[in-house]
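Letter by letter, the chains look like this.
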Amino acid sequence: MIVDVHAHVLSADLLERFARDGAFGLHLSRDGEVLHRGYGVFDPDVYEHERRFQRMADIGVDLQLVSPIANFTTWPGGAADVELARAL
């Protein structure tokens, strides 16, 4: 069994809400893509779960241990608070 021990996951709804609010350096492009300041287009594998499962199958990963995205919990001026913890 192959286990990926470093993977991040969010729901599409939560990610879109963060982008609409401008939280954590996220914003929406004119095309509705979630962009992350300094990184560009947000990795769809984080929120498009069927795509993620297919990619895992393609590369032979059986299981992923997932966690929140680290810089969302340490973002200056917007670090983890009660609302974020509940949403995650």
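An account of the accompanying structure is given in this report. (Residues numbered from 1 in each chain as written. Predicted model: local features only at pLDDT ≥ 70, side-chain atom pairs only at ≥ 80, totals over all residues. Heavy atoms only, no water.)

1. Here we look at the pattern of salt bridges
- Taken as a whole and judged by the stated rule, the model has three salt bridges.
- We note a salt bridge from arginine 20 to glutamate 16, for which the minimum N-O separation is 3.3 Å. Taken together, the residues arginine 20 and glutamate 16, both in helix 1 (residues 12-21) and four residues apart, mark about one turn of the helix.
- Taking relative accessible area as the criterion, arginine 20 reaches 52% and is therefore assigned exposed.
- For arginine 55, the salt bridge is made with aspartate 45, and the minimal N-O distance between the two is 2.2 Å. Taken as a pair, arginine 55 in helix 2 (residues 49-59) and aspartate 45 in the loop between strand 4 (40-41) and helix 2 lie far apart in primary sequence, 10 residues in all.
- In this structure arginine 55 comes out as partly exposed when scored by relative accessible area, which is 38%. (Salt bridge = Lys/Arg side-chain N within 4 Å of Asp/Glu carboxyl O. Helix = DSSP H or I, 4+ residues; strand = E, 2+ residues; numbered from the N terminus. Buried < 20%, exposed > 50% of the residue type's maximum accessible area, 1.4 Å probe, protein only.)

2. Points about the packing of aromatic side chains
- A complete count under the given rule lists one aromatic pair for this structure.
- On the numbers, 5.0 Å between centres and 75° between planes, the contact of phenylalanine 18 with phenylalanine 24 is edge-to-face.
- Using a relative accessible area of 4% as the deciding quantity, one classes phenylalanine 18 as buried.
- What makes phenylalanine 24 buried here is its relative accessible area of 7%. (Phe/Tyr/Trp six-rings, centres within 6.5 Å; stacked < 30°, edge-to-face > 60°.)

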